[in-house]
Amino acid sequence: MTPDDRRLELARSLRGLAPGDPEEARDRDQILAFVLRHEQPFDRGILEGHLTGSAITVSAEGSRVLLLHHRKLDRWLQPGGHGDPGETTGEEVALREALEESGIRGLALHPTAPRPLDVDVHDIPARGGEPAHAHLDLRYLVLAPPDAVISPDLAELHEIRWVTWDEVDGFSPDHGLRRALAKARTLVQG
């Protein structure tokens, strides 16, 4: 499959995404238009922004979700981030980022979850030589293996931990992350 085929497949998937609320519907439409406008939508050189990939990572038994405290943003978030050169799908970005940030080997996409599970557009402020821009985040449901061992790369984060579904609100997720976590919980717990 060529990169352009993957981009068109992503556009098809975005058209089929059932938004969880009006905000996600607007974000989906913005991401879809962006994907159709840019041949390499993960390219960090696009001044208006770029696609990112995130992993809503759930324990094998479905009772916990992985959250990390991001060093630069000083917030609890899901694993995720920028595409590397040559990456052309949100799935590969999300899985690589989850592995890099958590150290958990054997992560896998949930076999029946929509791909993407959720989408979110958020503004990133200017920092250093990088201008303000948008992250157009594609979020995927990822399962950890039963023997998952967290071995984090602490360069980008303060802490990473498993959190039960009932503890999530104590980590003050923003509206978009709260929505994505609710979708994940429904899928893994019925």
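This write-up is about the structure you can find in this document.

On to the pairing of strand 1 (residues 49-58). Counting buried residues in strand 1 gives 10 out of 10 residues, a clear majority hidden from the surface. The pairing of strand 1 with strand 7 (residues 133-143) spans 10 bridges and is classified as parallel. Counted as the bridge partner of Ala55 is Tyr140 from strand 7.

Bringing helix 2 (residues 22-37) into the picture now. Taking 1.5 Å as the rise per residue, helix 2 with 16 residues should run 22 Å; its terminal C-alpha atoms sit 23 Å apart, in good agreement. For helix 2, the complete set of buried residues consists of Glu24, Ala25, Asp27, Arg28, Ile31, Leu32, Phe34 and Val35. Buried residues along helix 2 sit against helix 1 (3-16), strand 1, strand 6 (118-124), strand 7 and helix 4 (175-189). Two to three positions downstream of the cap, the backbone nitrogen of Glu23 sits 3.2 Å from a side-chain oxygen, assigning the N-cap of helix 2 to Asp21.

Close contact between helix 1 and helix 2 brings their axes to 10 Å; oriented N to C, the two are set at 160°. By the angle between their directions, the pair helix 1 and helix 2 is classed as roughly antiparallel. The handedness of the crossing between helix 1 and helix 2 comes out as left-handed. In contact with Arg7, Leu10, Ala11, Leu14 and Arg15 of helix 1, helix 2 contributes Arg28, Ile31, Leu32, Val35 and Leu36. Looking at side-chain class alone, the contact of helix 1 with helix 2 contains seven nonpolar, no polar and three charged residues.

To continue, consider the packing of aromatic side chains. Taken as a whole and assessed by the stated rule, the structure comprises one aromatic pair. Between Trp76 and Phe171, the aromatic rings sit 4.8 Å apart at their centres with planes inclined by 80°, giving edge-to-face as the arrangement. Placement of Trp76 in strand 3 (residues 75-77) and of Phe171 in the loop between strand 8 (157-164) and helix 4 is noted, with a sequence separation of 95 residues between them. Each of the two residues, Trp76 as well as Phe171, counts as buried.

Conventions and cut-offs
- Residues numbered from 1 in each chain as written.
- Predicted model: local features only at pLDDT ≥ 70, side-chain atom pairs only at ≥ 80, totals over all residues.
- Heavy atoms only, no water.
- Buried < 20%, exposed > 50% of the residue type's maximum accessible area, 1.4 Å probe, protein only.
- Helix = DSSP H or I, 4+ residues; strand = E, 2+ residues; numbered from the N terminus.
- Pairing = 2+ DSSP bridges.
- Expected span 1.5 Å × (residues − 1).
- Contact = heavy atoms within 4.5 Å.
- Polar contact = N/O pair within 3.5 Å; in protein donor to acceptor, adjacent residues only side chain to side chain.
- Axes fitted to C-alpha atoms, helices over the stretch in contact; angles between N-to-C directions.
- Parallel < 35°, antiparallel > 145°, perpendicular 65-115°, else oblique.
- Left-handed = near helix turned anticlockwise from the far one by under 90°.
- Nonpolar A, V, L, I, M, F, W, Y, C, P; charged D, E, K, R; others polar.
- Phe/Tyr/Trp six-rings, centres within 6.5 Å; stacked < 30°, edge-to-face > 60°.

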